[in-house]
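Below are the chains, spelled out letter by letter.
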Amino acid sequence: MAVASPLFNTLFSKTNTQSPPLRRTTIKCTTTYPPSPPPTTTINTNGNTLAKYVPFISISSSSPTTESYSLDDIVYRSRDGGLLDVQHDMAALKKFDGQYWKSLFDSRVGKTTWPYGSGVWSKKEWVLPEIDDEDIVSAFEGNSNLFWAERFGKVHLEMNDLWVKQCGISHTGSFKDLGMTVLVSQVNRLRKKLKRPLVGVGCASTGDTSAALSSYCAAADIPSFVFLPANKISMAQLVQPIANGAFVLSIDTDFDGCMKLIREVTSELPIYLANSLNSLRLEGQKTAAIEILQQFNWEVPDWVIVPGGNLGNIYAFYKGFKMCQELGLVDKIPRLVCAQATNANPLYLYYKSGWNEFQPVKAKTTFASAIQIGDPVSIDRAVFALKNSNGIVEEATEEELMDAMALADSTGMFVCPHTGVALTALIKLRKSGIIGPNERTVVVSTAHGLKFAQSKIDYHSRKIQDMSCGLANPPLQVKANFGAVMDVLMNYLDSRAS
Ligand SMILES: *Cc1c(COP(=O)(O)O)cnc(C)c1O
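Residues numbered from 1 in each chain as written. Predicted model: local features only at pLDDT ≥ 70, side-chain atom pairs only at ≥ 80, totals over all residues.

## Things to note about the overall build of the protein
Next up, step 1: A tally of regular secondary structure across the protein gives 19 helices and 13 strands.
Next up, step 2: Taking contacts inside the protein between residues at least 6 apart in sequence as the whole, the part at least 24 apart equals 70%. (Helix = DSSP H or I, 4+ residues; strand = E, 2+ residues; numbered from the N terminus. Contact = placed C-beta atoms within 7 Å.)

## Quick look at the sheet that holds strand β7 (residues 224–229)
Next up, step 1: The 4 strands lie next to each other as β8-β7-β6-β9, forming an open sheet whose pairing is parallel. Strands at the two margins of the open sheet, each flanked by one partner only, are β8 (247–251) and β9 (271–273). Averaged over all neighbouring strand pairs, the angle between strand axes comes to 25 degrees, with direction disregarded.
Next up, step 2: The sheet contact formed by strand β6 (residues 200–203) and β9 spans 3 bridges and is parallel. (Pairing = 2+ DSSP bridges. Axes fitted to C-alpha atoms, helices over the stretch in contact; angles between N-to-C directions.)

## What about the site of the ligand?
Next up, step 1: Lining the immediate surroundings of the ligand are 18 residues, of which N310, N313, A370, T446 and A447 lie closest.
Next up, step 2: Its residues placed into classes, the shell around the ligand shows 6 nonpolar, 10 polar and 2 charged. (Near = placed C-beta within 6 Å. Nonpolar A, V, L, I, M, F, W, Y, C, P; charged D, E, K, R; others polar.)

## Digging into the UniProt feature "modified residue: N6-(pyridoxal phosphate)lysine" (unreviewed entry) in the protein
Next up, step 1: The feature "modified residue: N6-(pyridoxal phosphate)lysine" (unreviewed entry), as given by UniProt, occupies K176 in the numbering adopted here.
Next up, step 2: Structurally, K176 is set in helix α7 (residues 176–193).
Next up, step 3: The exposure class assigned to K176 is buried, which follows from the 34 C-beta atoms found within 10 Å.
Next up, step 4: Filtering out sequence-adjacent residues up to four positions away, K176 remains in contact with D208, T209 and A212. (UniProt positions renumbered as here; feature names shortened; annotations may be inferred. Buried ≥ 20, exposed ≤ 12 C-beta atoms within 10 Å, placed from the backbone.)

## A look at the sheet that holds strand β1 (residues 51–55)
Next up, step 1: Read from one edge of the open sheet, 3 strands run β2-β1-β3, paired in antiparallel fashion. Each edge of the open sheet carries a strand with a single partner, namely β2 (69–70) and β3 (84–88).
Next up, step 2: Two strands pair when backbone bridges link them, and β1 and β3 are joined in this way by 5 bridges, in the antiparallel orientation. Residue pairing across strands places P55 opposite L84, the latter belonging to β3.

## Brief notes about helix α12 (residues 287–295)
Next up, step 1: Most of α12 is tucked away: 8 of the 9 residues are buried.
Next up, step 2: Backbone geometry just after α12 places N297 at a positive phi near 55 degrees.

## Brief notes about the environment of L423
Next up, step 1: Relative to the elements of secondary structure, L423 occurs in helix α17 (residues 417–431).
Next up, step 2: Sequence separation of L423 and S445 is 22 residues, and the distance between their C-alpha atoms is 9.2 Å.
Next up, step 3: Discounting residues that sit within four places of it in the chain, L423 has contacts with A404, A408 and V443.

## Description of the nonpolar core
One recurring pattern in soluble globular proteins is that nonpolar side chains are buried together.
Next up, step 1: Grouped together as the largest cluster of nonpolar side chains are 117 residues, with contacts concentrated most on I305, V306, I314, F317, L336, C338 and A422.
Next up, step 2: Here the element with the most residues in this core is helix α13 (residues 312–326); it accounts for 8 residues.
Next up, step 3: Not counting residues within four places of it along the chain, the set of residues in contact with I314 comprises V306, G308, L336, C338, A382 and A385. (Core = buried A, V, L, I, M, F, W, Y, C linked by C-beta atoms within 7 Å.)

## Brief notes about α17
Next up, step 1: Under the 1.5 Å per step criterion, the end-to-end length of α17 is 21 Å for 15 residues, consistent within 8% with the ideal 21 Å.
Next up, step 2: Here α17 lies mainly inside the structure; 12 of its 15 residues are buried.
Next up, step 3: Those residues of α17 not exposed but buried are P417, H418, T419, G420, V421, A422, L423, T424, A425, L426, L429 and R430.
Next up, step 4: Taken from the residues just after α17, G433 is the one with a positive phi, measuring 80 degrees. (Expected span 1.5 Å × (residues − 1).)

## A word on the packing of α13 against helix α15 (residues 379–387)
Next up, step 1: Their axes nearest at 8 Å, the elements α13 and α15 cross at an angle of 40 degrees. Judged by the inter-axis angle, α13 sits oblique to α15. The interaxial crossing formed by α13 with α15 has left-handed handedness. For the pair formed by α13 and α15, the contact residues are G312, I314, Y315 and Y318 on the first element and R381, A382, F384 and A385 on the second.
Next up, step 2: In terms of residue class, the contact of α13 with α15 is built from 6 nonpolar, 1 polar and 1 charged. (Parallel < 35°, antiparallel > 145°, perpendicular 65-115°, else oblique. Left-handed = near helix turned anticlockwise from the far one by under 90°.)

## A look at the pairing of β1
Next up, step 1: Buried residues dominate β1, accounting for 4 of its 5 residues.
Next up, step 2: Here β1 runs beside β2; their pairing, made up of 2 bridges, is antiparallel. Across the sheet, the residue bridging to Y53 is Y69, located in β2.

## Points about the packing of α7 against helix α8 (residues 208–220)
Next up, step 1: Closest axis-to-axis distance for the α7/α8 pair is 9 Å, and the angle between their directions is 40 degrees. One way to sum up the angle between α7 and α8 is to call them oblique. The two elements α7 and α8 cross, and the hand of that crossing is right-handed. Here K176, D177, M180, T181, V184 and N188 of α7 come into contact with α8, specifically with D208, T209, A212, L213, Y216, C217 and A220.
Next up, step 2: Broken down by class, the residue content of the contact of α7 with α8 amounts to 7 nonpolar, 3 polar and 3 charged.

## Quick word on unusual backbone geometry
Next up, step 1: Cis geometry marks the peptide bond from W114 to P115, where omega comes out at -5 degrees.
Next up, step 2: In this structure, P115 sits in the loop between α4 (98–108) and α5 (124–127).
Next up, step 3: Of note, N390 is a non-glycine position whose phi angle comes to about 50 degrees, a positive value.
Next up, step 4: Position of N390 among the secondary structure elements: in the loop between α15 and β12 (392–396).
Next up, step 5: Its identity as a non-glycine residue notwithstanding, D466 has a phi of 55 degrees, on the positive side.
Next up, step 6: Relative to the assigned elements, D466 resides in the loop between α18 (453–460) and α19 (482–497).
Next up, step 7: Residue D466 is classed as exposed on the basis of its 6 C-beta neighbours within 10 Å.

And the structure:
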């Protein structure tokens, strides 16, 4: 450990001798739920019957399988190397009707009752039904604002029912918090309750995943390991895991090289792998879909637009909506749109080929850096979600996404470039008439705009190569003198009046 200043040493040694040991306090739930739904007679023998891992293929193709794993198993892939999915015991959940679930979820919004003040854990029975409340690691993530984009919609798109789900206004500034609270809670249970010899959690991420991982691990006193490609990361992307005390390795390779190394390391050392094929994260992310329905008083929007890179999130939204339909909370689901950057658009090309042939691409640099992925892990999940929601895939060039971001900002938002990708998809679908003027549409904003301030600075100072930056609003340099200031103000007011 690094050495703190002498002042800190004295402060800490004093408090340590005087204070009782730190303990996580839990407040007991006061609602009448549970009774937990009774376990059913499934093949699982290790007691974990309400939710388990099954091969994703058994969900998407409904081919029967007996392969399943307890959520307490440390397993990332199915026997044949495919994706896994968390399967809930729907029969047990169906013992309660839609009205029951709506009232239960509504009764928990905004409460401090542990852990239901979290937007994720207020849906605990649908997420990780069997984890003990005291094992949960939560920052009361979720419950994010559903912003009525009134001016953007009315002025620029002739729409009056346009909404932005602000998933990035969150604990670490991105929707990754929704998934990480679930993953880290499960790891916490494995370590503390089940005494598994896990020394920590690791990931190879340059941005939002490592920020969320290190924060939740720090809150639970679990070591986190972040593998980063050396000199390919800005200080802004680095500072969150550093501040949260992660063990940050700067490795002389690219992102794919880091990913390969962390996989090799985690197969040798008992470090839990928090990468994006991990299906636990999607269980938390799907609650954003449920929350949207809840915020509309259980009315279903016509469209939901999600920016996609590794393509887990688009499936998570589908899964959340679908569960609400299957359990009788709503009677339909929205049409989903996945929006990709043209510089990293393998799903878009696949869609355009009529789902004919999938080809990974070599992703080029994009301002939407979190979706700069050419060979998405969750491609099968995304295709399943889109086919079953009458979905659409759109794309955005660098200029389009930056202009869309600037346009949204000029109406009072402060969105990230990924949200700019989703907004571009909206603009295109609105122009072509596919999305009608009165259709209720939700654009999912995935990160806080402040995390991407540098791209906005580059845009507004017109420093981006081959981009006209048509909406740039650079500051004016003025002498510190009354006449000069009055001159530029009068000029400005005249130009606005004419
Ligand atoms: C991770 C991330 C995405 C992409 O989500 P996928 O599940 O990989 O498609 C989009 N935007 C932001 C800001 C992200 O951090």
